[in-house]
Amino acid sequence: MTAVDTDIERRWELIRSKGPYGLLAVATLLAVATAELTPSTAERGAVAVLVAAGFALQLWWGRTSRTRPGPSTAGTVYYGVRWALGFALTWLNPFFAFYVAAGYFDAEELMPRRSLRWIGPFACAIAVSGAQAGGLPFHAPVQWAVFAGLVVVNSVMLTVVGHLTSQQEERSRARAETIAELERTNTALQQALDENAALHAQLLVQAREAGVADERRRLAAEIHDTIAQGLTGIIAQLQVVANAPDLPTARTHLDRAAALARHSLGEARRSVHNLAPVALENDGLPEALKSTVAEWGERTGVRAEFTVTGTAEQLHDELSATLLRIAQEALSNASRHARATRVGVTLSFLGDEVILDIRDDGRGFDPLTLPERTHSGGFGLAGMRARAERIAGCLTVESEPGRGTALSARVPLVRHE
């Protein structure tokens, strides 16, 4: 119930509790002012007694209604006695019809039976109509005709007003139910908003945790692609030095080991700053791949070729770094495991995607029987596949024992901003 409805209900309660006092007082004052209507001393005495009885009745009901609120038998008795007093007073002086009219306002609140709720106001209408027709008793036939007409009019008015009141009450109940439903809906909505806020906070925590885990994997892959691969190359060169037949050969491989160390140091420093490969600092992906393939072939003694197909474009930095790292990992795997004599690297620009193919004629392997990655091993195919998938690409592997290996990384073409 709204504040407005509560205020209206409080005013109606005031009218029902205090209204009969006021109407009886007004009727008494009018009766005193029109004393000529009751010239008999006995009648005036009767009026005084009945008025006193009316006030006493109101006092009694004021106390009784506190313990018996709502429709009850006591309320019906009070209503009937009040009507009888009002009718008798109206018989003596028509202005007491004001007191009888109090029955129009509280019939539903006093009488439990629905039939009595209509009979009570109708009985009040009879007394009011008698007063309107000139006062009881009637002395001329025309008064009876007027009385009959007034009873009909008052009854119709009571019916119309009662119907409108019922509709208003029904609308008030419907409005109260709607408001209650809206309050329940608002409460449920607020709970949903609170749950959504909690879920959002949880998702943010999970996203941060996933981002940290992904960044750790990325850093691990970057370290593997820079320091680990560089150290692997240095170790290979030093092993050649250890078995070199003469000093010039040993010096050549020592120079290569020193160059690899300097390159790895640059990569490590670059990774600390922004994790982008040094080879891409000044060149695009085609030039960086060409240099990487040439250096790898010179270092390993394996024939390595690089080819670009399509119209080369300046790729996004992340895209270029990812494809270069995949190529470096594939070449590293080829030198350590494949025992290849020839490697071919092709970078293809196909309009809306870029494809990097690395093929070798090494001993090959069965892709379905790859061993699990160990702490001493590299990231291998799993790392390359994860890199490709991170930029919405994919990696496919074709290999058979004794028939070489072909890797293909296919990623969407995203131009440099």
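What you see is a predicted model; the values in this text were computed from it and never measured.

### Brief notes about the overall build of the protein chain
- What the protein chain contains, in helices and strands, is 11 helices and five strands.
- In the protein chain, which comprises 417 residues, the share counted as buried stands at 35%.
- Long-range contacts, defined here as pairs at least 24 residues apart, represent 68% of the contacts in the protein chain between residues at least 6 apart.

### Regarding the confidence of the model for the protein chain
- Summary statistics for the protein chain give a mean pLDDT of 81 and a share of 84% for residues scoring 70 or more.
- For the protein chain, the element scoring lowest by mean pLDDT is helix 8 (residues 247–273), at 71; strand 2 (residues 342–349) scores highest, at 96.

### Here's the deal with the pairing of strand 1 (residues 303–309)
- As defined by bridge partners, strand 1 adjoins strand 2 across seven bridges and the pair is classed as parallel. Paired with Val308 across the strands is Leu347, a residue of strand 2.
- The β-α-β motif built from strand 1, the intervening helix 10 (residues 317–338) and the parallel element strand 2 has left-handed crossover chirality.

### Description of empty space enclosed by the protein
- Inspection of every chain in the model, using the stated rule, returns two cavities of 30 Å³ or more.
- For the second largest cavity, the calculated volume is near 40 Å³.
- Taken together, Tyr79, Arg82, Trp83, Tyr99, Val100, Gly103 and Cys124 make up the lining of the second largest cavity.
- The element that contributes the greatest number of residues to the lining of the second largest cavity is helix 3 (residues 73–92), accounting for three residues.
- Looking at the lining of the second largest cavity residue by residue, the classes come out as five nonpolar, one polar and one charged.

### Quick word on the packing of helix 2 (residues 41–67) against helix 3
- Running from N to C, helix 2 and helix 3 point in directions that differ by 160 degrees, and their axes come no closer than 10 Å. It follows that helix 2 is roughly antiparallel to helix 3 by the angle criterion. Along this stretch, helix 2 crosses helix 3, giving a crossing that reads as left-handed. Seen from helix 2, the contacting residues are Glu43, Ala46, Val47, Leu50, Val51, Ala53, Gly54, Leu57, Gln58, Trp60 and Trp61; seen from helix 3, they are Ala74, Gly75, Tyr78, Val81, Arg82, Leu85, Ala88, Leu89 and Leu92.

### Some details on the sheet that holds strand 3 (residues 353–360)
- The strand order across the open sheet formed by five strands is 1-2-3-5-4, and the pairing between neighbours is mixed. The strands lining the two open edges of the sheet, one partner per strand, are strand 1 and strand 4 (394–399). Within this sheet the neighbouring strands show an average axis-to-axis angle of 10 degrees, counted without direction.
- Against the sheet, helix 9 (residues 285–300) engages strand 1, strand 2 and strand 3, with an angle of about 170 degrees to strand 1.

### Topic: the packing of aromatic side chains
- A complete count under the given rule lists seven aromatic pairs for this structure.
- When the centroid spacing of 6.2 Å and the interplanar angle of 45 degrees are considered together, the rings of Phe87 and Trp91 count as tilted. Here the residue Phe87 and the residue Trp91 both occupy positions in helix 3, the gap between them amounting to four residues, near one helical turn.
- By relative accessible area, which is 24% here, Phe87 ends up partly exposed.

### Quick look at unusual backbone geometry
- The linkage connecting Leu136 with the following residue, Pro137, adopts the cis geometry, with an omega of -5 degrees.
- Considering the arrangement of structural elements, one finds Pro137 in the loop between helix 6 (114–132) and helix 7 (141–242).
- The phi dihedral of Arg339 falls on the positive side, at around 55 degrees, and the residue is not glycine.
- On the secondary structure map, Arg339 appears in the loop between helix 10 and strand 2.
- Among the residues examined, Arg339 registers a relative accessible area of 68% and is labelled exposed.
- Phi at Ala392 takes a positive value of approximately 65 degrees, unusual for a residue other than glycine.
- Of note, Ala392 is situated in the loop between helix 11 (380–390) and strand 4.

### Here we look at the nonpolar core
- Among the nonpolar cores identified, the biggest contains 37 residues, and Leu323, Val343, Leu347 and Leu356 are the most heavily contacted of them.
- Within the residue set of this core, elements represented by two or more residues are helix 9, helix 10, strand 2, strand 3, helix 11, strand 4 and strand 5 (405–412).
- Looking at this core, the element that brings in the most residues is helix 10, giving 10 residues.
- Residues Tyr78, Met111, Cys124 and Ala127 belong to the second largest nonpolar core, which totals 25 residues.

### With respect to the pattern of salt bridges
- Under the defined criterion, the tally for this structure stands at six salt bridges.
- Residue Glu305 pairs with Arg303 through a salt bridge whose shortest N-O separation is 2.8 Å.
- Accessibility expressed as a relative area gives 31% for Glu305, which makes it partly exposed.
- According to the relative accessible area criterion, Arg303 is partly exposed, its value standing at 49%.
- Note that Arg342 and Glu305 form a salt bridge whose closest N and O atoms lie 3.5 Å from each other. Of the two residues, Arg342 is situated in strand 2 and Glu305 in strand 1; the sequence distance between them amounts to 37 residues.
- Taking the relative accessible area as the measure of exposure, Arg342 reaches 42% and is therefore partly exposed.

Definitions and limits used
Residues numbered from 1 in each chain as written. Predicted model: local features only at pLDDT ≥ 70, side-chain atom pairs only at ≥ 80, totals over all residues. Heavy atoms only, no water. Helix = DSSP H or I, 4+ residues; strand = E, 2+ residues; numbered from the N terminus. Buried < 20%, exposed > 50% of the residue type's maximum accessible area, 1.4 Å probe, protein only. Contact = heavy atoms within 4.5 Å. pLDDT = per-residue confidence, 0-100. Pairing = 2+ DSSP bridges. Right-handed = clockwise from strand over helix to strand, strands pointing away. 1 Å grid on protein atoms, 1.4 Å probe; cavity = no way out; pocket = protein on both sides within 12 Å on 5 of 7 lines; lining within 4 Å. Points joined across faces, edges and corners; volume = space filled by probe spheres on them. Nonpolar A, V, L, I, M, F, W, Y, C, P; charged D, E, K, R; others polar. Axes fitted to C-alpha atoms, helices over the stretch in contact; angles between N-to-C directions. Parallel < 35°, antiparallel > 145°, perpendicular 65-115°, else oblique. Left-handed = near helix turned anticlockwise from the far one by under 90°. Phe/Tyr/Trp six-rings, centres within 6.5 Å; stacked < 30°, edge-to-face > 60°. Core = buried A, V, L, I, M, F, W, Y, C linked by side-chain atoms within 4.5 Å. Salt bridge = Lys/Arg side-chain N within 4 Å of Asp/Glu carboxyl O.

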